[in-house]
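# Residue-level structure breakdown
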Amino acid sequence: MRNLIFILGDQLSHNIASLKNADRDCDRVLMVEVMDEATYVGHHKKKIAFLFSAMRHFAEELKSDGWNVGYIKLNDPGNTASFTGELKRACERHCPERIIAVEAGEYRVKAAMENWQEETGVRVKILEDDRFLCSQKEFQSWADGRKSLRMEYFYREMRKKTGFLMDGEEPAGGKWNFDAENRKPAKAELSLPRPRRMRVDDITRDVLDLVRDNFAENFGDLEPFWFAVTREKAEAALDAFIREGLPSFGDFQDAMLEGEKFLYHSVLSLYINAGLLDPHDVCRRVERAYLDGDAPINAAEGFVRQIIGWREYVRGIYWLNAPNYVDQNYFGAERPLPEFYWTGETRMNCVRASVAQTKEEAYAHHIQRLMVTGNFAMLAGVDPQAVHEWYLGVYADAFEWVEAPNTFGMSQFADGGLLASKPYAASGNYINKMSNYCEGCEYDVKKKTGEGACPFNPLYWDFLVRNRNKLKNNRRLSRAYSTWDRMDSKRQKEYRDSANRILDRL
Ligand code: FAD
Ligand code: DLZ
Ligand code: SF4
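Residues numbered from 1 in each chain as written. Chains lettered and ligands numbered in written order. Predicted model: local features only at pLDDT ≥ 70, side-chain atom pairs only at ≥ 80, totals over all residues. Heavy atoms only, no water.

Another point: the packing of helix 16 (residues 366-380) against helix 20 (residues 456-466). Axis separation between helix 16 and helix 20 bottoms out at 8 Å; the angle between their running directions is 50 degrees. For the element pair helix 16 / helix 20, the angle class is oblique. Here helix 16 and helix 20 pass one another in a crossing that is left-handed. Taking contact as the criterion, the partners of Met 371, Val 372, Asn 375, Phe 376, Met 378, Leu 379 and Ala 380 in helix 16 are, on helix 20, Phe 456, Leu 459, Tyr 460, Phe 463 and Arg 466. Taken together, the residues of the contact of helix 16 with helix 20 sort by class into 10 nonpolar, 1 polar and 1 charged. (Axes fitted to C-alpha atoms, helices over the stretch in contact; angles between N-to-C directions. Helix = DSSP H or I, 4+ residues; strand = E, 2+ residues; numbered from the N terminus. Parallel < 35°, antiparallel > 145°, perpendicular 65-115°, else oblique. Left-handed = near helix turned anticlockwise from the far one by under 90°. Contact = heavy atoms within 4.5 Å. Nonpolar A, V, L, I, M, F, W, Y, C, P; charged D, E, K, R; others polar.)

Following this line, the structure appears as structure tokens:
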């Protein structure tokens with residue numbers, strides 16, 4: 001055999017670089033389910049089921065396409081539980097001349113790949129992952145010499161590079177960014193689309209049995225399981241989103257609504273990250289909808305920005321700073337993650353709802369992640385490592401390259417402002433403005449301190465005051481600090497005492 005082509009669980013793309021120049025007649029594909037990957041963090045049951053089922057379907061598609069595929073299931077006899085172990089076994093079975101793989105999305109796996117040649121005695125070729133629009137090298141040259149690495153400037157470069165939503169040299173609609181128009185609060189009477197629910201087939205049924213048997217103690221509900229597990233079904237989910245969700249995506253991008261888990265969000269991140277959908281194609285489809293008059297510019301621009309802006313940018317930040325990015329703890333926060341992140345048992349309605357739907361769906365939309373669970377953890381001084389492990393485990397779309405910058409950088413400000421220009425810290429007022437959670441809450445969002453006050457209120461001030469030395473030079477916080485300084489000392493003490501009582505109870 002000539003080449004052994006090793007495809008990882010988040011590389012399920014038919015145009016993956018390792019297959020491009022491969023030969024169906026003399027090369028062989030290897031895919032493996034291994035315990036190391038299933039346990040390096042406590043994954044949600046649905047996340048494991050999604051990836052294993054999508055991997056098995058992808059392997060079947062490759063076989064029908066004429067490829068020779070070796071597929072190792074989790075419980076196959078002799079499974080060594082690791083990528084390296086399975087690669088060694090495959091090399092012993094097939095004696096390839098060379099191993100070919102696409103670079104890993106996580107530093108942990110990249111480091112293991114560096115030892116593959118020595119471990120197997122076979123030459124290893126690692127290819128760049130060209131499914132991203134911006135290579136690691138390109139991001140590095142963009143970042144080199146810049147004092148500040150703000151997403152907005154990177155995003156404009158990506159718009160120019162891809163030509164998405166461009167009128168010649170100018171941005172379509174006359175502005176690069178329509179974010180200011182994308183902050184409408186949602187109303188309960190909105191008619192909301194539902195993400196497509198896919199039927200469970202025999203392959204998925206086997207995987208659900210496997211997850212039930214092997215990961216019973218993991219967080220999350222396994223069923224109902226409705227994710228797409230093939231490119232074809234993921235495309236159907238994309239079609240449905242473009243038709244039904246995209247037109248209002250922009251307007252309500254930052255909104256939250258009790259009982260509504262998805263609003264106008266696409267629920268496509270898991271498919272894009274696993275390789276079932278190509279980010280470039282997704283953006284092209286969204287741009288087409290705008291050009292055909294089926295979606296307004298604020299929706300199309302808002303969506304495209306998330307993909308060619310944020311998604312590419314966080315990957316750049318991750319690799320620019322790997323592996324140390326995940327060791328950062330700017331505020332020195334040490335509190336363990338409160339138990340209610342796992343149980344949802346808290347009187348805070350916004351947190352309860354966000355955790356409950358995370359448990360049910362392995363999904364929460366961005367503002368729930370950022371302004372509810374993330375915001376609370378930062379205000380309460382939770383250790384960012386613990387927060388990171390939670391986000392990396394509980395969402396079906398979570399891989400470290402995308403989760404870590406969102407957690408350490410955007411949500412916890414644990415990188416000291418490398419990614420965000422100020423901490424996304426907010427009192428209950430923000431949540432009340434953007435959602436109806438407060439209407440059904442035992443706490444009173446208008447009450448600032450004392451029994452029954454919304455915990456976000458005193459925690460917000462306590463966070464700012466506790467970390468004043470670290471934040472006092474941030475110009476975007478100067479108004480908040482002057483408001484604090486104008487309060488009389490009795491009021492200040494009430495805030496801090498209230499916060500301390502809440503923190504003690506955690
Ligand atoms: P939509 O709102 O429909 O957005 C469209 C697409 O844009 C998404 O599918 C996604 O591919 C991309 N996107 C949007 N925002 C971001 C972002 N900030 N970073 C990267 N891509 C983005 N996203 C992940 O894909 N994996 C993660 O593990 C992850 N962890 C996060 C952790 C925290 C603390 C926070 C605050 C955000 C995290 N995000 C993560 C970003 C974002 O919340 C999700 O991409 C989004 O909620 C996925 O839902 P959706 O597909 O409905 O997105
Ligand atoms: C997340 C995950 C899980 C749970 N299991 C596997 C697996 O058994 N086999 C596999 O190839 N990939 C799995 N993955 C995805 C990998 O963790 C992912 O490919 C690496 O994190 C590299 O980005
Ligand atoms: Fe959340 Fe406070 Fe509103 Fe309750 S009152 S839902 S805790 S923001």
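Following the structure, the description resumes.
With that out of the way, let us pick up the side chain of Asn 273. On the secondary structure map, Asn 273 appears in helix 11 (residues 269-274). In this view, Asn 273 contacts Asp 10, Arg 311, Asp 397, Phe 399, Trp 401 and Val 402; residues no more than four positions away in its chain are not counted.

This part takes up the packing of aromatic side chains. Here the structure, examined in full by the defined rule, presents 38 aromatic pairs. Here Phe 241 and Phe 249 contribute two aromatic rings whose centre-to-centre distance is 6.1 Å and whose plane-to-plane angle is 90 degrees, an arrangement assigned as edge-to-face. Among the aromatic residues, those joined into a cluster by ring pairs are Phe 50, Phe 225, Trp 226, Phe 227, Phe 262, Tyr 271 and Tyr 363. Directly above the aromatic system of Phe 399 lies the positively charged group of Lys 47, at a separation of 5.7 Å from the ring centroid. (Phe/Tyr/Trp six-rings, centres within 6.5 Å; stacked < 30°, edge-to-face > 60°. Lys NZ or Arg CZ within 6 Å of the ring centre and 35° of its normal.)

The subject of this paragraph is the site of ligand 2. Near ligand 2, the surroundings consist of 19 residues, among which Gly 9, Asp 10, Val 32, Val 34 and Glu 37 are the closest. The separation between an oxygen atom of ligand 2 and a polar main-chain atom of Gly 9 is 2.9 Å. Glu 106 has a polar side-chain atom sitting 3.2 Å from an oxygen atom of ligand 2. In isolation ligand 2 exposes 490 Å². Once the protein is present, 100% of that is buried. Those elements that provide at least two residues to the shell around ligand 2 are helix 2 (35-39), helix 3 (45-64) and helix 5 (107-113). Take the shell around ligand 2: its biggest share by element is 3 residues, from helix 3. Class assignment for the residues of the shell around ligand 2 results in 11 nonpolar, 3 polar and 5 charged. (Near = heavy atom within 4 Å. Polar contact = N/O pair within 3.5 Å; in protein donor to acceptor, adjacent residues only side chain to side chain. Areas by Shrake-Rupley, 256 points an atom, 1.4 Å probe, with all protein chains shown as cover.)

The full set close to ligand 1 counts 29 residues, and His 265, Ser 266, Val 267, Asn 273 and Tyr 363 are the nearest of them. Interatomic distance of 2.6 Å between a side-chain N/O atom of Ser 266 and an oxygen atom of ligand 1. Within the backbone of Asp 397, an N or O atom sits 3.0 Å from a nitrogen atom of ligand 1. Starting from 810 Å² of accessible surface for ligand 1 in isolation, the protein chains cover 99%. Among the secondary structure elements, those contributing two or more residues to the shell around ligand 1 are helix 11, helix 13 (297-321), helix 16 and helix 18 (400-411). For the shell around ligand 1, the two domains that each supply at least three residues are domain 2 (136-209 + 227-321) and domain 3 (340-505). (Domains from an automatic or database assignment.)

Right, let's talk about the nonpolar core for a bit. Counting 158 residues, the largest nonpolar core has Phe 50, Leu 246, Tyr 271 and Tyr 313 as the members making the most contacts within it. Considering every element that reaches this core, the biggest residue donor is helix 13, with 13 residues. Beyond its immediate chain neighbours, meaning those up to four positions away, Phe 50 contacts Phe 225, Phe 227, Ala 228, Val 229, Leu 270, Tyr 271, Ala 274, Leu 276 and Ala 396. Among the nonpolar cores identified, the runner-up in size contains 19 residues, and Ile 72, Ile 99, Ala 101 and Trp 116 belong to it. (Core = buried A, V, L, I, M, F, W, Y, C linked by side-chain atoms within 4.5 Å. Buried < 20%, exposed > 50% of the residue type's maximum accessible area, 1.4 Å probe, protein only.)

With that out of the way, let us pick up the domain arrangement of the protein chain. Often, the extent of an interface is quoted as the loss of accessible area on bringing the components together. On domain assignment, one finds that the protein chain holds domain 1 (3-127), domain 2 (136-209 + 227-321) and domain 3 (340-505). For domain 1 versus domain 2, the separation of C-alpha centres amounts to 28 Å. On the domain 2 side, the residues contacting the 24 residues of domain 1 number 22 residues. In this assembly, domain 1 packs against domain 2 so that about 1700 Å² is buried in total across both faces, 65% of it on carbon and sulfur atoms. Sorting the residues of domain 1 by area buried against domain 2 places Phe 50, Arg 56 and His 57 first, and these three jointly supply 33% of that buried surface. With its nearest N and O atoms 3.3 Å apart, the salt bridge here joins Glu 103 to Arg 315. Summed over the shared surface of domain 1 and domain 2, the result is 7 residue pairs in polar contact (both at pLDDT 80 or more). At the level of elements, helix 3 and helix 5 are the ones that each hand at least two residues to the side of domain 1 that touches domain 2. Sort the elements by how many residues they give to the side of domain 1 that touches domain 2 and helix 3 lands first, with 11 residues. Taken together, the residues that form the side of domain 1 that touches domain 2 break down as 8 nonpolar, 8 polar and 8 charged. (Buried area = accessible area lost by both parts, 1.4 Å probe. Salt bridge = Lys/Arg side-chain N within 4 Å of Asp/Glu carboxyl O.)

Our focus in this paragraph is the environment of His 265. Structurally, His 265 is set in the loop between helix 10 (231-249) and helix 11. For His 265, a relative accessible area of 13% puts it in the buried group. Each C-alpha atom, one on His 265 and one on Ser 248, is 9.1 Å from the other, the two residues being 17 residues apart in sequence. Excluding anything up to four places from it in sequence, His 265 contacts Phe 241, Phe 249, Phe 252, Gln 253, Tyr 363 and His 365. Polar contacts involving the side chain of His 265 include one to the main-chain carbonyl oxygen of Gln 253, which spans 3.4 Å.

Looking now at the pattern of salt bridges. Applying the stated rule across the entire model yields 42 salt bridges. The partner of Arg 108 in a salt bridge is Glu 37, and the shortest N-O contact between them spans 2.9 Å. Note that Arg 108 is positioned in helix 5 and Glu 37 in helix 2, a separation of 71 residues in sequence. Among the ionic pairs, Asp 221 bridges to Lys 359, the shortest N-O distance being 3.3 Å. In this pair, Asp 221 sits in the loop between helix 9 (202-214) and helix 10 while Lys 359 sits in helix 15 (residues 349-361), placing the two residues 138 residues apart along the sequence. With a relative accessible area of 31%, Lys 359 lands in the partly exposed category. Connected via shared salt-bridge partners are Arg 159, Asp 179, Glu 301 and Arg 305.

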